[in-house]
Amino acid sequence: CAGGFKQKYEADITALSGKPYESSYEYSKFGYNVGCNKLGEYPFPMFKVYYPNATWYSLPGSCPSSKWNKQTPECKAQEPGGLCKGTPTGAGDCTFNYEYMGEISLDELVGDVAKLHAKGGREYDPAKDRGILFSWWDGINDTEANEKRIQAVQALFAKKYPNQTFDEDMPEPPCDFNFGMFYKEFWMKD
C-alpha cells in the first residue's frame, strides 16, 4: 500500500448506516485506502486478543456508499473501490489486489459439523469453555491452544495445496496506521 495503511473500517458499517464515512470527502482525500488495525490496540477493538499478532485488514470494495444488496452498476462505476489488476499503483482506485490461493472448509479441518449437530453435539459452549462431543474450540481464550489451531489450519492448507506459497514464506504486510496523522485530516476539514 503506497503511503502506509489507514485505519481499518468495518465493511459491515455499510449494512447498518449506509456508508462507513460521513461523506465522500474521505475517499476523495485518501482514495479507497487499505486499512488495518492490530487487534487489541487503539483505536479499536480494545479487548484482550488471544491470537498472537492478530491484525484486521479492510480492503474497500466498490460502491461503499450503498448497502451491499442495493449497489447499482452506476454506483460501482462512480465509486470503483481500491481493487485493481496488476501491481497496485497507490492511486485512489488502485490500492490493492489479490490472487486466489485456495481454500479449506471447517468440515475438512474438524469433520462434518452437521453430523455433530445431529448427534447432539455443539462446537462450543461458552459456559463450559469447551465443546459438546467436540474439542476443537476447547480453551477458546488460550493463546497456546489458538496457536495450535492456526498450525492445524496451515498444515491442512499445505497438504491440500503443496505448490502454493505459504504465509510463513511471505513477508507480513506492515500495519503502520498512524492514528494522529489520519484523524488530523478530519479535524482540519471544513
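Residues numbered from 1 in each chain as written. Predicted model: local features only at pLDDT ≥ 70, side-chain atom pairs only at ≥ 80, totals over all residues. Heavy atoms only, no water.

A. Representation of the pattern of salt bridges in the model. One pass over the structure, following the stated rule, counts two salt bridges. E108 is the salt-bridge partner of K160, the closest N and O atoms lying 2.9 Å from each other. You can see K160 sitting in helix α6 (residues 143-160) and its partner E108 sitting in helix α4 (residues 106-110), a full 52 residues away along the chain. Taking the relative accessible area as the measure of exposure, E108 reaches 39% and is therefore partly exposed. The residue E144 makes a salt bridge to K148 at a minimum N-O spacing of 3.8 Å. Of this pair, E144 and K148 both sit in helix α6, four residues apart, roughly one helical turn. (Salt bridge = Lys/Arg side-chain N within 4 Å of Asp/Glu carboxyl O. Helix = DSSP H or I, 4+ residues; strand = E, 2+ residues; numbered from the N terminus. Buried < 20%, exposed > 50% of the residue type's maximum accessible area, 1.4 Å probe, protein only.)

B. Representation of the state of the cysteines within the structure. Evaluation of the coordinates by the stated rule reveals three disulfides. A sulfur-sulfur separation of 1.9 Å characterises the disulfide bridge that pairs C63 with C75. Across the disulfide from C63 to C75, rotation about the S-S bond amounts to roughly 100 degrees, and the bridge is consequently right-handed. With C63 in the loop between β3 (55-58) and α3 (73-78) and C75 in helix α3, this pair connects stretches of sequence that are 12 residues apart. Sequence-ordered numbering of the disulfide-bonded cysteines in the protein chain gives the connectivity 1-6, 2-3, 4-5. (Disulfide = S-S within 2.5 Å.)

C. Focus on α6. Look at α6: 26 Å from first C-alpha to last across 18 residues, which is about the 26 Å you get at 1.5 Å a residue. All of the buried residues in α6 are A145, N146, R149, L156 and F157. For α6, the angular spread of the buried residues around the axis is 120 degrees, confining them to a single face. Summarising the geometry of α6, the exposed residues directed more than 90 degrees from the buried face are E144, K148 and K159. For α6, the secondary structure elements touched by its buried residues are α4. Capping the start of α6 is the job of one residue whose side-chain oxygen sits 2.9 Å from the backbone nitrogen of E144: D142. (Expected span 1.5 Å × (residues − 1). Arc of directions from axis to C-beta. Contact = heavy atoms within 4.5 Å. Polar contact = N/O pair within 3.5 Å; in protein donor to acceptor, adjacent residues only side chain to side chain.)

Everything listed is a geometric property; what it means functionally is a separate question.
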